[in-house]
Amino acid sequence: MNGDLRIRSVNSHPVHLDGKCVLYWMQRSQRGRENAALNHAIDQANQLKLPVICAFSLYDQFPNAERRHFRFMIQGLIDASLELSEKNVPFIIRFGHPPQVINQLVTELQPALIVSDENPLKIPALWRDSLAQELKVAFQLVDADVVIPSRHFVKEEYAARTIRPKIHKVLASYLKPVPNPKANHACNEGTTPTGEPLDETHLMSLLKVAGASEIPAYKGGSVEAHKRLKLFITKRLSRYSTERNEPTPYMTSELSAHLHFGNIDPIHVVLNVLESGDPQSSIDSYIEEFIVRRELAINYCLFNPNYDSLKGCPDWALKTLAKHKDDPRTYLYTFDQLERAESHDPLWNASQKEMVLTGRMHNYMRMYWAKKILEWTPDAETAFETTLKLNDRWEMDGRDANGYTGVAWAIGGKHDRPWGERAIFGMVRFMSYESTRKKFDSQGYIDWVAKIEKGTIKRD
Ligand SMILES: Cc1cc2nc3c(=O)[nH]c(=O)nc-3n(C[C@H](O)[C@H](O)[C@H](O)COP(=O)(O)OP(=O)(O)OC[C@H]3O[C@@H](n4cnc5c(N)ncnc54)[C@H](O)[C@@H]3O)c2cc1C
């Protein structure tokens, strides 16, 4: 592994040679296997002849996180706890504001070194900075949820066409399986909030969070992530290049929520796809989405502080949207009307319902869904906020770099180019019901969602 770019120090404090353990603060990489951040903690601890302790802070005030997200995350933490125990790494879960919880643990456990996982988004960065200010001990981050370390790129990339050649130039050197070392020194720490083994129902009962309904059948965790990968490779990948835009049934991997919660190592996914023996066109098409598009989104969030608002979008799009700000809108809907899927458009309503009922919306429908919100709200700023809020509340993979980038692409032309000028959209790409209807069986999709609503079709 090209280790230098994957690992960085957050502060300049030394490793404490008289420390009692190495503390791994698990944040984004919620898995106990094939986790480069955990591996770094284990390697350091083994060299120092110390145990490793893994800590996770469950924070039920996390902005926009809803009950469905917490259930999915807790399912993943249970898998992680079992995988960690196989590696002699005890797992501590506590409730509270993460930097405060970890700072308290530092006082209690006196680590020689703290390791955590990299995340390009603002809230984890704030937490890291806030903890770093309190610490007097070395604090290191490992970029464990990307194929190419995000700091391989030194600035914001303009579009897929600018990042693609840079990725392909170095890709082979990063496609090495992530190993699974064990901690040599065991220790007796490791408590859940009640001292009992982790229990999904019990942990859910401790959360003071309401909001978007839970979807127990859509399960989080590494076991489920690996099952989905296997299903994708055996049943869907061969048709990915030709049928990935078809929403009924999905021909995609449906791994985005598991990737968001760090339940599966991206390098593992890519190596398995490469070894599948499926047609090269499908493999290439998957690599394009999984590495080029996903890591372009991460690059955007890492380098552009306005990634979560319209301001992050390119000048040409901001200008053209401003020019068309006062264009008359045939339909105008409030946030609540949209959330309740009360538009005049049955295809749009079906996609909104799919998201609310199943925590997912197919990529092709997400593009159409977001573009219509631009058409049906008073201005592009309102459209951006509305789209992001609905996305993050109801999508299981919400609050992700891909989501910020997807919304910016649809509403503000991010990573896209100018198209022919028209009302409301200006030169931002437009999508119509008619063109979408020609791409796939949209009535079939509407009927499929209606069956999900009635409960005659179940999705896992
Ligand atoms: C308006 C809008 C909102 C979106 N919101 C989110 C979101 O909140 N979270 C999220 O993860 N993705 C989001 N996306 C991107 C994309 O729709 C999803 O990643 C994809 O539908 C997930 O399904 P899958 O795992 O079956 O994808 P697959 O087709 O199997 O692709 C594999 C993986 O590649 C990545 N990927 C695929 N398409 C894209 C893309 N266009 N951009 C970046 N990465 C991609 C994802 O990590 C995905 O899991 C959004 C796109 C749009 C247009």
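Given the structure is predicted, the values throughout are model-derived calculations rather than measurements.

A. Representation of the overall build of the protein within the structure. A tally of helices and strands in the protein yields 20 helices and 6 strands. For the protein, whose C-alpha radius of gyration is 22 Å, the value lies close to the compact-globule estimate of 23 Å for 460 residues. Contacts in the protein between residues at least 24 apart in sequence constitute 82% of all its contacts with a sequence separation of at least 6.

B. Here's a closer look at the sheet that holds strand 1 (residues 7-9). Reading across from one edge, 1-6-5-2-3-4 is the order of the 6 strands in this open sheet, with mixed pairing throughout. Each edge of the sheet is formed by a strand with only one pairing partner; in this case those strands are strand 1 and strand 4 (91-95). Strand-to-strand twist of the sheet, defined as the mean angle between neighbouring strand axes without regard to direction, takes the value 25°. In the sheet, strand 3 (residues 52-58) pairs with strand 4 via 5 bridges, with the strands oriented parallel. Note on strand 4: the bridge partner recorded for Phe56 is Ile93. Docked against the sheet, helix 4 (residues 98-109) engages strand 2 (21-25), strand 3, strand 4 and strand 5 (111-117), running at close to 150° with respect to strand 3.

C. Layout of the site of the ligand. Among the 28 residues in the neighbourhood of the ligand, the closest are listed as Thr252, Ser253, Asn402, Gly403 and Gly406. Of all the secondary-structure elements, those providing two or more residues to the shell around the ligand are helix 10 (256-260), helix 12 (280-303), helix 16 (363-376) and helix 18 (401-412). Among the elements that make up the shell around the ligand, the one with the highest residue count is helix 18 (6 residues).

D. The pairing of strand 3, seen in detail. With 6 of 7 residues buried, strand 3 lies mostly within the body of the structure. Examined bridge by bridge, strand 2 and strand 3 share 4 bridges and lie parallel to one another. Residue pairing across strands places Tyr24 opposite Cys54, the latter belonging to strand 3.

E. Representation of the nonpolar core within the structure. Residues Cys301, Val407 and Ile411 are the most contacted members of the largest nonpolar core, which totals 55 residues. Elements supplying a minimum of two residues to this core: helix 6 (160-174), helix 12, helix 13 (315-323), helix 15 (346-358), helix 16, helix 17 (380-394), helix 18 and helix 20 (442-454). When neighbours within four sequence positions are excluded, Cys301 is seen to be in contact with Pro120, Leu121, Tyr307, Ala401 and Tyr404.

F. A look at the packing of helix 16 against helix 17. Put simply, helix 16 and helix 17 touch, their axes get as near as 8 Å, and they point 140° apart. The pairing of helix 16 with helix 17 is recorded here as oblique in orientation. Note on packing geometry: the crossing formed by helix 16 with helix 17 is right-handed. Along its contact with helix 16, which presents Ala370, Ile373 and Leu374, the element helix 17 presents Ala380, Ala383, Thr386 and Thr387. The class makeup of the residues in the contact of helix 16 with helix 17 is 5 nonpolar, 2 polar and no charged.

G. Up close: the pairing of strand 2. Most of strand 2 sits inside the fold, with 5 of its 5 residues counted as buried. Burial along strand 2 is two-sided: Cys21, Leu23 and Trp25 facing one way and Val22 and Tyr24 facing the other are all buried. Note: strand 2 against strand 5, 5 bridges, orientation parallel. Paired with Tyr24 across the strands is Val115, a residue of strand 5.

H. Here's a closer look at unusual backbone geometry. That bond from Thr248 to Pro249 is cis: its omega, -10°, falls within 30 degrees of zero. Of note, Pro249 is situated in the loop between helix 9 (240-243) and helix 10. In this structure, Glu254 is a non-glycine residue whose phi angle is positive, near 50°. Among the secondary structure elements, Glu254 is positioned in the loop between helix 9 and helix 10. The exposure class of Glu254 is buried, given the 21 C-beta atoms found within 10 Å.

I. The packing of helix 17 against helix 18, seen in detail. Here helix 17 crosses helix 18 at 145°, and the two axes come no closer than 10 Å. Helix 18 is crossed by helix 17, and the crossing has right-handed handedness. Within the contact between the two elements, helix 17 uses Ala380, Ala383, Phe384, Thr387, Leu388, Asn391 and Asp392 and helix 18 uses Gly403, Val407, Ile411 and Gly412. Partitioned by chemical class, the residues of the contact of helix 17 with helix 18 number 6 nonpolar, 4 polar and 1 charged.

J. Spotlight on the environment of Ile42. Within the element layout of this structure, Ile42 appears in helix 2 (residues 36-48). Note: C-alpha distance between Ile42 and Arg94 (52 residues apart in sequence) is 21 Å. Not counting residues up to four positions away in its chain, the partners in contact with Ile42 are Val52, Lys87, Pro181 and Ala183.

K. Looking closely at the domain arrangement of the protein. Domain annotation for the protein reports domain 1 (3-144) and domain 2 (310-454). Computed from C-alpha coordinates alone, the two centres of domain 1 and domain 2 are separated by 36 Å. Contact with domain 1, which involves 7 residues of that partner, is made by 6 residues of domain 2. In the side of domain 1 that touches domain 2, the residues fall into 3 nonpolar, 2 polar and 2 charged.

Reading the values: the criteria
Residues numbered from 1 in each chain as written. Predicted model: local features only at pLDDT ≥ 70, side-chain atom pairs only at ≥ 80, totals over all residues. Helix = DSSP H or I, 4+ residues; strand = E, 2+ residues; numbered from the N terminus. Rg over C-alpha atoms; globule rule 2.2 N^0.38 Å. Contact = placed C-beta atoms within 7 Å. Pairing = 2+ DSSP bridges. Axes fitted to C-alpha atoms, helices over the stretch in contact; angles between N-to-C directions. Near = placed C-beta within 6 Å. Buried ≥ 20, exposed ≤ 12 C-beta atoms within 10 Å, placed from the backbone. Core = buried A, V, L, I, M, F, W, Y, C linked by C-beta atoms within 7 Å. Parallel < 35°, antiparallel > 145°, perpendicular 65-115°, else oblique. Left-handed = near helix turned anticlockwise from the far one by under 90°. Nonpolar A, V, L, I, M, F, W, Y, C, P; charged D, E, K, R; others polar. Domains from an automatic or database assignment.

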